[in-house]
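Here is what each chain is made of, one letter per residue.
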Amino acid sequence: MTQLQAKRIDGKAVAARMGEATAARVKRIVEKTGVVPCLATVLVGSDPASAKYVESKGKLCEKLGMRSLKLAMPEQTTTAELVGKVADLGRDPAVHGILLQHPVPKQIDERAAFEAIPPGKDVDGVTFYSFGTMFYDLPGFGSCTPAGIMKLLDAYSVKIQGAHAVVIGRSAILGKPMAGMLLAGHASVTICHSRTVDLRGVVRLADIVVAAVGKPRFVQGDWIKPGAVVMDAGFNPGPKGNVGDVDFEPAAARASLITPVPGGVGPMTLAVLVDQTSIAAARQLGVAADEVQR
Ligand code: NAP
């Protein structure tokens, strides 16, 4: 068996620590205002995986002392109906964060539905406004998976400033906001995608590699520069459980730090979502600014 040299990043432990901080913030909000922070989740249709994700988000909210309000809409929902429902939640003072589970059914204009979320309640970081704040490093809510990766890098004291970061993938929820956050942290960032020429050669130059491709074990061990930090956002169902986008063992033999799948990036996505909900609630309820972080 390959001798592992890299230190595994323990996403579960970092997420649990974050959960404690979130629960403490929620407790302070309730003590000061009597209001329980609430995340509203909107699920359109009956996709079992989406239903499971929504369920786990609600459960974590409740575990940390928050409320969750679950709205289920039928598969045939129109854009106007969904936009109307999201806008209602936006106006509801008892709702502090809104999560629209995506993807939504094909007939719906997903962007129109996202843009109906007021920026102050966009705890999943999906609106154009939130994208702007991610790129400019202004207070706002980040996309949860890349924001979770930034928190892992911070928890393990990875130096971002001046590093060459290579992000493989350019999706709106992962690759693009990831690149924006790393750039805001003063990394030099290269974004790769399916049309990138000589991907291996580009990845070989990276001090920090973020894999967000959606292809099991796609990033090969010999692409990794010795000592690089490897963050694997991939989550691909396989016959023996979920696997990442990085071929873990050979990559771990060269990296200085690496996230396993499962137990690396995954737990951070949920932790960030509920943390951002508690921050949104604090802001809306006027709890002192020094009691909330970005
Ligand atoms: P996505 O929307 O399918 O985007 C995949 C990206 O990979 C695209 O930008 C695509 O390039 C690029 N790509 C595809 N084939 C490539 C190739 N041969 N070489 C280089 N780039 C290539 O996926 P996503 O939503 O960003 O998700 C990526 C992974 O993260 C998936 O495994 C997903 O399950 C996982 N994920 C995990 C979490 C979590 O909480 N842990 C959350 C979200 C997603 P083009 O743009 O050119 O097509």
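Structure shown above.
Residues numbered from 1 in each chain as written. Predicted model: local features only at pLDDT ≥ 70, side-chain atom pairs only at ≥ 80, totals over all residues. Heavy atoms only, no water.

(A) Local environment of the sheet that holds strand E2 (residues 38-44). One open sheet holds the three strands; their spatial order is E3-E2-E4, and the pairing between them is parallel. Each edge of the open sheet carries a strand with a single partner, namely strand E3 (67-73) and strand E4 (97-100). When the angles between neighbouring strand axes are averaged without regard to direction, this sheet yields 15°. Note: E2 against E4, four bridges, orientation parallel. Looking across to E4, one finds that leucine 39 is bridged to glycine 97. (Pairing = 2+ DSSP bridges. Helix = DSSP H or I, 4+ residues; strand = E, 2+ residues; numbered from the N terminus. Axes fitted to C-alpha atoms, helices over the stretch in contact; angles between N-to-C directions.)

(B) Fine view of the pairing of strand E5 (residues 164-168). For E5, the tally of buried residues reaches five of five residues, placing the bulk of the element in the interior. Here E5 shows no split at all, with His164, Val166 and Ile168 on one side and Ala165 and Val167 on the other all buried. The pairing of E5 with strand E6 (residues 188-192) spans five bridges and is parallel. Its bridge partner being in E6, valine 166 is matched across the sheet by threonine 190. Handedness of the crossover joining E5 and E6 through helix H7 (residues 175-184) is recorded here as right-handed. As paired strands, E5 and strand E7 (residues 208-211) are joined by four bridges and run parallel to one another. (Buried < 20%, exposed > 50% of the residue type's maximum accessible area, 1.4 Å probe, protein only. Right-handed = clockwise from strand over helix to strand, strands pointing away.)

(C) Just the packing of helix H1 (residues 11-33) against helix H10 (residues 266-284), in detail. The N-to-C vectors of H1 and H10 enclose an angle of 15°; their axes lie 9 Å apart at closest approach. Judged on the interaxial angle alone, H10 and H1 are roughly parallel. The handedness of the crossing between H1 and H10 comes out as left-handed. Contacts from Gly11, Lys12, Val14, Ala15, Met18, Thr22, Arg25, Val26 and Ile29 in H1 reach Pro267, Met268, Ala271, Val272, Val274, Asp275, Ser278, Ile279, Ala281 and Ala282 in H10. Taken together, the residues of the contact of H1 with H10 sort by class into 13 nonpolar, three polar and three charged. (Parallel < 35°, antiparallel > 145°, perpendicular 65-115°, else oblique. Left-handed = near helix turned anticlockwise from the far one by under 90°. Contact = heavy atoms within 4.5 Å. Nonpolar A, V, L, I, M, F, W, Y, C, P; charged D, E, K, R; others polar.)

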